[in-house]
4 protein chains.
Amino acid sequence: MAESSFLSDILRRVSVAPWRDSSREADLASMCHELLSERSEASGLILAREILDRYEISDDAAKVTFFEALARSFGVDREALTTAVADWEHASEDGVVDAARRLHFAAEPQTQELIRVLNRVPGATAQLVRMRADLLAILPDRPDLRGLDTDFRHLFSSWFNRGFLEMQRIGWSTPASVLEKVIAYEAVHEIAGWDDLRQRVGDPDRKLFGFFHPAMPGEPLIFVEVALMVKIPGAIHDIINPEREMIAPEDAKVAVFYSISNCQKGLRGISFGNFLIKQVVADIAQELPGFDTFVTLSPVPGLRRYAESAEEGDPVLEGFELPQEGGPAPDAARKLAAKYLTQAKRKGGTAYDPVAHFHLSNGAEFHDAHGAADLSDTGQSNSWGVMVNYLYDPAKTETNHHAYANDGVVAMSSKMRSLARK
Amino acid sequence: MAESSFLSDILRRVSVAPWRDSSREADLASMCHELLSERSEASGLILAREILDRYEISDDAAKVTFFEALARSFGVDREALTTAVADWEHASEDGVVDAARRLHFAAEPQTQELIRVLNRVPGATAQLVRMRADLLAILPDRPDLRGLDTDFRHLFSSWFNRGFLEMQRIGWSTPASVLEKVIAYEAVHEIAGWDDLRQRVGDPDRKLFGFFHPAMPGEPLIFVEVALMVKIPGAIHDIINPEREMIAPEDAKVAVFYSISNCQKGLRGISFGNFLIKQVVADIAQELPGFDTFVTLSPVPGLRRYAESAEEGDPVLEGFELPQEGGPAPDAARKLAAKYLTQAKRKGGTAYDPVAHFHLSNGAEFHDAHGAADLSDTGQSNSWGVMVNYLYDPAKTETNHHAYANDGVVAMSSKMRSLARK
Amino acid sequence: MAESSFLSDILRRVSVAPWRDSSREADLASMCHELLSERSEASGLILAREILDRYEISDDAAKVTFFEALARSFGVDREALTTAVADWEHASEDGVVDAARRLHFAAEPQTQELIRVLNRVPGATAQLVRMRADLLAILPDRPDLRGLDTDFRHLFSSWFNRGFLEMQRIGWSTPASVLEKVIAYEAVHEIAGWDDLRQRVGDPDRKLFGFFHPAMPGEPLIFVEVALMVKIPGAIHDIINPEREMIAPEDAKVAVFYSISNCQKGLRGISFGNFLIKQVVADIAQELPGFDTFVTLSPVPGLRRYAESAEEGDPVLEGFELPQEGGPAPDAARKLAAKYLTQAKRKGGTAYDPVAHFHLSNGAEFHDAHGAADLSDTGQSNSWGVMVNYLYDPAKTETNHHAYANDGVVAMSSKMRSLARK
Amino acid sequence: MAESSFLSDILRRVSVAPWRDSSREADLASMCHELLSERSEASGLILAREILDRYEISDDAAKVTFFEALARSFGVDREALTTAVADWEHASEDGVVDAARRLHFAAEPQTQELIRVLNRVPGATAQLVRMRADLLAILPDRPDLRGLDTDFRHLFSSWFNRGFLEMQRIGWSTPASVLEKVIAYEAVHEIAGWDDLRQRVGDPDRKLFGFFHPAMPGEPLIFVEVALMVKIPGAIHDIINPEREMIAPEDAKVAVFYSISNCQKGLRGISFGNFLIKQVVADIAQELPGFDTFVTLSPVPGLRRYAESAEEGDPVLEGFELPQEGGPAPDAARKLAAKYLTQAKRKGGTAYDPVAHFHLSNGAEFHDAHGAADLSDTGQSNSWGVMVNYLYDPAKTETNHHAYANDGVVAMSSKMRSLARK
């Protein structure tokens, strides 16, 4: 159950005496009931703080016990709900909207109020996000706790509304305590240490932007890494390479989004990426006028898995031969990727590939594909080294999005169109 | 429909050409439906911004039309709700909590989602708060819109959670743009201008604290004014008096809360006062250790109204003669206040007086009463000049609160006890 | 002996007991000798703080006594100086520069070291600036103290080097404690109160910029007020007028410097104005590209004084008749101003008018003159209401400056040239 | 000729085309003469910027040529100086102070004015400090340039006055760009990388404080590292040890200054250390009241050098036998150190050891000595592993300082007194 490496390191090295008798630990749920019964708002802060702190030092079993109690014993006032249901069923046409609304409030599980009351304590938001991360970790084995998770998700979705987020540029003048988290959270192309980081955030032709929430200062929610380049890159090595030549920002022609990382496990399902990319596009366009090419250099995480498990006769694999050993030739892999990205679909008509789905939903266009573009183990095992450019053209985003969302149409360059056809 | 005086002054003096054709104004509600139908998050920002801006320049009639559409046409998916109701009614004992939860989500009116989506636009929160202020202003005449208001209130209550608020000291180094709002929002003892303000925020024996929300920077939600004094004051003139002698903070023995003002009409019903007072008590206690007396000097807004409309034989008025002209003698008024504050109740056993109810709920004690303490017109017309001290004793707050909340017991000093008995 | 009105007001209202026996007050100079004899740097801070604080509460007579002691008893080591002089006189050609340098250091009065040591105390810089303001106030009657003043001026000139100053935009979000000083320090067109101020700093077509020194936070050294307008103004009423119509900044064509005020009496002779104007020009040019007309609307403070005391036959007054009563006709006054500004000179060939001299030295051009442009009493008594535009054309500044500095040539528009000739 | 490693790294990787023709490079001195002849302040900024930038990209030989020209050709007005000398020689007793003052100003070398004018450019201060670092580097071989250095030193001493410095706590939330410099500048106990740094600045029982100048933001001038401990440490390993146990700050009894590093070669001779230590003592005493033991754990850099080059019969070495191989026994080395620190003197009676001299001048007491306390190569080669505690007792600082400064008396604990005597 994750913590920043710095904090955990400190905890390891400080010899903390247990600050209170742990015999009461089993009572976390009782303390929560007490908290809700409290009608005084302020005296509740102390109790709420205690619940949160006690939770944090609980072991995994105690946490599961706590979740079980939350899921079961913080339901609704059944009598009131029965009445509300009856009112709704007998409502006149005029009154039906309000009756449904009353039904909605009557059916609100007490867990939601509990989470809101816990959140009153300064600093609680981050603790609640970590609590949900714990819950998500056990959810695959505990489908009975899924309902509980919907309460967390519902509230977080409201609290982490785009309007409450702040985009910040992260640079070499950013506090080390934040940069340390960037190193830890980078999920796509690992950061090899402080020297690598310094290049990604401090070089004049590199930028890194993140979203932050005011109640979680210094804690990025998501960040995107951008390279300013003279042309659209065809391999990750062109970007992450300690010996590369830097360019002056004013000589750049293309902004490349080469990595986007969600930082908070506890915020799974709350989407920020789309907003972040478009905000960054807007910011760069304002800072460097005349700049108009915004592309990604993206992995194709589902390609190899799809190819290796495709049914016979799948048109995506037509003309492609699965290699027995090693990978396919770069050109073959590239052509396969073009077919895969345009033709492999999920139910409902969306793209099979999750990264493709993300960018196409955002209104991007499938612009180019490159073989032998990511030679790392991950790159090999995901996509035989293929990487892809998605193009964000502000003038077409809206149209592309609609076509994809409504009809499953994948926007693509003519080059990709013919490659996919061959 | 309120705006800061600065802004409205600028608007008056700038000759703004209408920035768009107003013919579409009637379509605000249609634009909202379009916004919800949008599956793209980012392209929705532009539409949301347009809805909010168009709303702001609408006239009162257009706003009412908009509210009517919101209340009526953003209901629920009735089919889904019918199913959820049936599921709940047939749920097993084990499944009833989750069934109620699903019912809750199925019954959520679309207005809530609409408000959340509008809020994604940077700066939208303040606009939505003003929107609700508009709604509240017409609510007395339009009970049919009350349901709509519960949606606003529900969301604001979640968004303006104590955990998201920041307490700030407001002083003479605070931006003038914020100080100007303090002048405008002071609701208890009017601030006569910048010189008066300078004393209230800049004098070494005066303090002013407010709560702010990160999404509404520079916009106080509530503030409280504090005077550091050598003894508990018996009249507002001891505090607000340009010729008074200042004292050095380290000579003070008593911190007096002499004014508390809610600033945002659109946040009515979301309570901050209790949290603010207790936070200020904690802050002052930390800054000036040894300091232990925290009192209010409070108005008694309901006293005269109660006395003049009391039924014959009301024991509160026993021995008190309603004056025909002018007010009662200060001593008589003071004694009346003591009886009134301890005996005049609303249904449910809470204090009749709203200010008394606020402080007693917070766990304060009714400590003293003073005649001829507020000689202003308001003071006369509210309470024949009587003012009252409520004492916040951190050691007793919890007990007082419980006794009042559970049993309607009013904590009071022995002095007030005997005064009320006489 | 000036203080901010806020501070003096607080001091008036706080009953301050004298914090120490004043019998030692006559010993300020002895304390200074003790301070210099101290070889320990840190223990000296306490003594330095005491000297500064004691000085501040001294009365005027005690301050004069202190200055006399400073001027007389903090001289040089005469023996060392005699040796250094001899060395210099006998220095070889190769060694003469270093010999002069040693002579320079040997001749340094101890007052300079004293002022530097006093300045080590946090906050001392502002106190030393006030100390010099006191000294300047008595200098006209005490020419024997002029030498002392050169030490202050020498050090301040080094400490308030342009490289150490920060330009800040002062707006309606600036702390009230700074804005209050702007009201107090405005020296050209009085600010009538907070509403007037709010227009000058907060209106979208008004700007105010100042220089600050890091050791005197919140204390402007100089500020300039700028109006963004559609055309070059011909009267101060076009600018300072509560009922005027504002314009959007992007509609402006001209930036008008209509007031420039030095704030610190104790920094007299240290010039900031030239740097400030050019920095503001650069900033506005960057913020609003395409903007290229920068003018002043300036008073002509010496015009009437010159005209009324001119000798017979002075060519400046040729064709002008001194009015017996009231002022001259606007056109006559305007023509007189054109002649006066181009022909009335001081010894050395610089312009007689101090404001003209300031702008011409900076490389500005005398662009236009207007009668009946300042109808205030000051405007009448200075210049019969005439005001003048000086034009700052970045392309010509350098040339204009050289021509004026080297040859006394006044740059002027052809319009002014012909007006002055008529 | 030092630069931050980050900057130099960027310069290495950016392929910078030379931005201007270098043929004029030899003319740096002529440009300086032009700058001083300029009477316009603002047009001079461009010229000054050009001089500074051109200097920075000059090679070493060109820099030396530039220094030679500065030293030779920016002397005084000899005629004016001759007159001033004559005036001084004939001055009356009353006028002699002012005559010396005029002589002082007449003898000021033009280099000082040149340096002041160069400093007007934003950012110039750091460039001038680097320029002096270059000068200092060649001074040992060029005694003829020492006079020039006195001008730099004189001005820097005034500009970097204690009153202009800001002390800042440097922690794990400090920008990485500053932390990187701490790693680079640490001069006593090398910082092994970011993990080591994180412990030194981020652990709850470690602190690091530095002085900064407003004109050199992000650039520490000096910093001191502090460990909070339960007892006075006897070896550096107790402090710098990745596996050590941390303690909670409130359990600490002793604050240990274990490293103090000057950062700017160009500020040699401008002393900050004394002020910094005492400011840190004051800050910690305020933050953690009750805390009263402040000691150093210091190296003894001159011990071995002194012992190995001492003359026969030196009483410091009485009873000590120089080891032929390896070092002396820890006890023997410790005893030698006690004698050395109290008896080995320079001319003038100050301590031979530079670190001892620094702390004794500050009023600290020689408190304890430890053998085998620094096992690093440096520790061995400096002092056979001996380290020393100096104690800062605020109550005795003043007395200790005076006794040492006036009479060369070394304050020491009775333990050290008897050790030195044995």
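A few points on the structure. Just so it is clear, the structure is predicted and the values come from calculations on it, not from any experiment. (Residues numbered from 1 in each chain as written. Chains lettered and ligands numbered in written order. Predicted model: local features only at pLDDT ≥ 70, side-chain atom pairs only at ≥ 80, totals over all residues. Heavy atoms only, no water.)

**Quick word on the overall build of chain A**
Part 1: Scanning chain A from N- to C-terminus turns up 18 helices and eight strands.
Part 2: The principal-axis extents of the C-alpha atoms in chain A amount to approximately 65 × 60 × 50 Å.
Part 3: Counting all 422 residues of chain A, 55% fall into the buried class.
Part 4: Sequence separation of 24 or more characterises 72% of the internal contacts of chain A that already satisfy a separation of 6 or more.
Part 5: When the accessible area of chain A is evaluated, it comes to approximately 18,200 Å², of which 51% is carbon and sulfur surface.
Part 6: Positive and negative charge centroids in chain A, built from 45 and 62 side chains respectively, lie 2 Å apart. (Helix = DSSP H or I, 4+ residues; strand = E, 2+ residues; numbered from the N terminus. Buried < 20%, exposed > 50% of the residue type's maximum accessible area, 1.4 Å probe, protein only. Contact = heavy atoms within 4.5 Å. Areas by Shrake-Rupley, 256 points an atom, 1.4 Å probe, with all protein chains shown as cover. Lys, Arg positive; Asp, Glu negative; His and termini not counted. Charge placed at Lys NZ, Arg CZ, Asp CG, Glu CD.)

**Points about the packing of aromatic side chains**
Part 1: Scanning the model with the defined rule gives 58 aromatic pairs over all chains in all.
Part 2: Ring centres of F66 of chain C and F67 of chain C lie 6.1 Å apart, and the angle between their planes is 35°; on these two criteria the pair is classed as tilted. By the burial criterion, F66 of chain C is buried, and F67 of chain C matches it.
Part 3: For the pair F257 of chain C and Y392 of chain C, a centre-to-centre distance of 6.4 Å together with 55° between the ring planes defines the contact as tilted. Pair noted here: F257 of chain C is in strand β4 (residues 254–262) and Y392 of chain C is in strand β8 (residues 387–392), with a separation of 135 residues, a long-range link. Note on accessibility: F257 of chain C and Y392 of chain C belong to one class, buried.
Part 4: Over the face of the ring belonging to Y352 of chain A we find R346 of chain A, whose NZ or CZ atom lies 4.7 Å from the ring centre. (Phe/Tyr/Trp six-rings, centres within 6.5 Å; stacked < 30°, edge-to-face > 60°. Lys NZ or Arg CZ within 6 Å of the ring centre and 35° of its normal.)

**Overview of the interface of chain A and chain B**
Part 1: Listed as interface residues are 61 residues of chain A and, on the opposing side, 62 residues of chain B.
Part 2: Of the roughly 5,200 Å² buried where chain A meets chain B, counting both sides, 57% is carbon and sulfur surface.
Part 3: Contact with chain B buries area across many residues of chain A, yet R101, H104 and F164 of chain A alone supply 13% of it, more than any other trio.
Part 4: One can count four salt bridges joining chain A with chain B.
Part 5: In this structure, the salt-bridge partner of E93 of chain B is R78 of chain A, at a minimum N-O distance of 2.7 Å.
Part 6: When residues of the side of chain A that touches chain B are traced back to their parent elements, those giving at least two are α3 (43–56), α4 (60–73), α5 (78–89), α6 (96–106), α7 (110–118), α9 (146–159), α12 (273–287) and α17 (397–407) of chain A.
Part 7: The residue makeup of the side of chain A that touches chain B, split by class, is 23 nonpolar, 21 polar and 17 charged. (Buried area = accessible area lost by both parts, 1.4 Å probe. Salt bridge = Lys/Arg side-chain N within 4 Å of Asp/Glu carboxyl O. Nonpolar A, V, L, I, M, F, W, Y, C, P; charged D, E, K, R; others polar.)

**Thoughts on the pairing of strand β4 (residues 254–262) of chain B**
All names here are of chain B.
Part 1: Counted residue by residue, β4 has seven buried out of nine residues, so it is predominantly covered.
Part 2: Alignment of strand β3 (residues 222–229) against β4, held across eight bridges, turns out to be antiparallel. Note that in β4 the partner of V226 across the bridge is F257.
Part 3: Read as a crossover between parallel neighbours, the route from β4 over helix α12 (residues 273–287) to strand β5 (residues 293–296) is right-handed. (Pairing = 2+ DSSP bridges. Right-handed = clockwise from strand over helix to strand, strands pointing away.)

**Notes on the nonpolar core**
Part 1: Judged by nonpolar contacts, the single largest core of 187 residues is most densely connected at F67, F160 and F366 of chain A together with F67, F160 and F366 of chain B.
Part 2: Sorting elements by how many residues they give to this core places helix α8 (residues 124–138) of chain A first, with eight residues.
Part 3: Filtering out sequence-adjacent residues up to four positions away, F160 of chain B remains in contact with T125, V129, L165, H213, M216, L221, L267, I270 and F272 of chain B.
Part 4: Grouped together as the second largest cluster of nonpolar side chains are 94 residues, I277, Y306, L360 and L419 of chain C included. (Core = buried A, V, L, I, M, F, W, Y, C linked by side-chain atoms within 4.5 Å.)

**Description of helix α15 (residues 354–361) of chain A**
Residue and element names in this part refer to chain A.
Part 1: Buried residues of α15: A356, H359 and L360, and no others. The arc that holds every buried residue of α15, seen down its axis, measures 100°, which confines them to one face.
Part 2: Put simply, D353 is the residue that caps the front of α15, since its side-chain oxygen is 3.3 Å from the backbone nitrogen of V355. (Arc of directions from axis to C-beta. Polar contact = N/O pair within 3.5 Å; in protein donor to acceptor, adjacent residues only side chain to side chain.)

**With respect to the relation of the copies chain D and chain C**
Part 1: Superposition record for chain D on chain C: RMSD 0.1 Å, screw rotation 180°, translation along axis 0.0 Å. Within this description, the copies of the chain are treated as partners about a two-fold rotation axis. Closest approach to the rotation axis among the C-alpha atoms of chain D is made by H104 of chain D, whose C-alpha sits 2.3 Å away.
Part 2: An overlap of 100% is found between the interface residues of chain D and their copies at the interface of chain C, pointing to a shared contact surface. (Least-squares fit on C-alpha atoms with pLDDT ≥ 70 in both.)

**Notes on the interface of chain D and chain C**
Part 1: Facing 62 residues of chain D, the contacting portion of chain C comprises 62 residues.
Part 2: Carbon and sulfur atoms make up 57% of the surface buried where chain D meets chain C, a total of about 5,200 Å² over both sides.
Part 3: For chain D, the biggest contributors to the area lost against chain C are R101, H104 and F164 of chain D; these three give 13% of the whole.
Part 4: Inspection of the region where chain D meets chain C yields four salt bridges.
Part 5: Taken together, the links from chain D to chain C amount to 23 residue pairs in polar contact (both at pLDDT 80 or more).
Part 6: Considering only residue class, the side of chain D that touches chain C consists of 24 nonpolar, 21 polar and 17 charged.

**Details of the packing of helix α14 (residues 330–343) of chain A against helix α18 (residues 414–421) of chain A**
Residues and elements named next belong to chain A.
Part 1: Relative to each other, α14 and α18 sit at 100°, their axes nearing to 8 Å. Considering their axes alone, α14 and α18 lie roughly perpendicular with respect to each other. On the side of α14, the interface is formed by R334, K335, A338, K339, T342 and Q343, while α18 contributes K415, M416, L419 and A420.
Part 2: When grouped by side-chain class, the residues that make up the contact of α14 with α18 number four nonpolar, two polar and four charged. (Axes fitted to C-alpha atoms, helices over the stretch in contact; angles between N-to-C directions. Parallel < 35°, antiparallel > 145°, perpendicular 65-115°, else oblique.)

**Some remarks on the relation of the copies chain A and chain B**
Part 1: Screw-axis analysis of chain A against chain B gives a translation of 0.0 Å along the axis, an RMSD of 0.1 Å, and a rotation angle of 180°.
Part 2: A share of 100% of interface residues in chain A that are also interface residues in chain B marks the association as one of identical surfaces.

**Regarding the side chain of R101 of chain D**
Part 1: In this fold, R101 of chain D is placed in helix α6 (residues 96–106).
Part 2: Here the side chain of R101 of chain D touches G147 of chain C through a polar contact of 3.2 Å, landing on its backbone oxygen.
Part 3: With residues up to four places along the chain from it excluded, the contact list for R101 of chain D reads A71, P109, T111, G147, L148, T150 and D151 of chain C.

**What to know about the pattern of salt bridges**
Residues and elements named next belong to chain A.
Part 1: For the structure shown, the criterion picks out 98 salt bridges over all chains.
Part 2: Between K181 and E219 there is a salt bridge whose closest N-O contact spans 3.2 Å. With K181 in helix α10 (residues 176–185) and E219 in the loop between β2 (206–212) and β3 (222–229), this residue pair connects regions lying 38 residues apart in the sequence.
Part 3: Among the residues examined, K181 registers a relative accessible area of 15% and is labelled buried.
Part 4: Beyond isolated ion pairs, a larger network of salt bridges with shared partners links E68, R72, R142 and D144.

**What to know about the packing of α7 of chain A against α9 of chain A**
Residue and element names in this part refer to chain A.
Part 1: Their axes nearest at 9 Å, the elements α7 and α9 cross at an angle of 50°. In terms of their interaxial angle, α7 and α9 are classed as oblique. For α7 against α9, the interelement crossing comes out right-handed. Residues T111, Q112, I115 and R116 of α7 form the contact with α9, whose participating residues are L148, D151, F152, H154, L155 and W159.
Part 2: Across the contact of α7 with α9, the residue classes break down as five nonpolar, three polar and two charged. (Left-handed = near helix turned anticlockwise from the far one by under 90°.)

**As for α18 of chain A**
All names here are of chain A.
Part 1: Every buried residue belonging to α18 is among M416, L419 and A420, and all of these are buried. Mapping the buried residues of α18 onto a view down its axis gives an arc of 95°, with all of them on the same face. Residues of α18 that are exposed and angled more than 90 degrees away from the buried face: S414 and R421.
Part 2: Tucked into the core, α18 has its buried residues touching α14 and β7 (365–370).

**Remarks on the environment of F291 of chain C**
Residues and elements named next belong to chain C.
Part 1: Tracing the backbone shows F291 in the loop between α12 (273–287) and β5 (293–296).
Part 2: For the pair F291 and K253, spaced 38 residues apart in sequence, the C-alpha to C-alpha distance is 6.2 Å.
Part 3: When neighbours within four sequence positions are excluded, F291 is seen to be in contact with L228, A252, K253, V254, A255 and I284.

**A word on the environment of R346 of chain C**
All names here are of chain C.
Part 1: On the secondary structure map, R346 appears in the loop between α14 (330–343) and α15 (354–361).
Part 2: You can call R346 partly exposed: its relative accessible area is 40%.
Part 3: Distance in space between the C-alpha atoms of R346 and K207 is 34 Å, their sequence separation being 139 residues.
Part 4: Excluding residues within four positions of it along the chain, R346 makes contact with A351 and Y352.
Part 5: Reaching out from R346, the side chain makes a polar contact with the backbone oxygen of Y352 at a distance of 2.8 Å.

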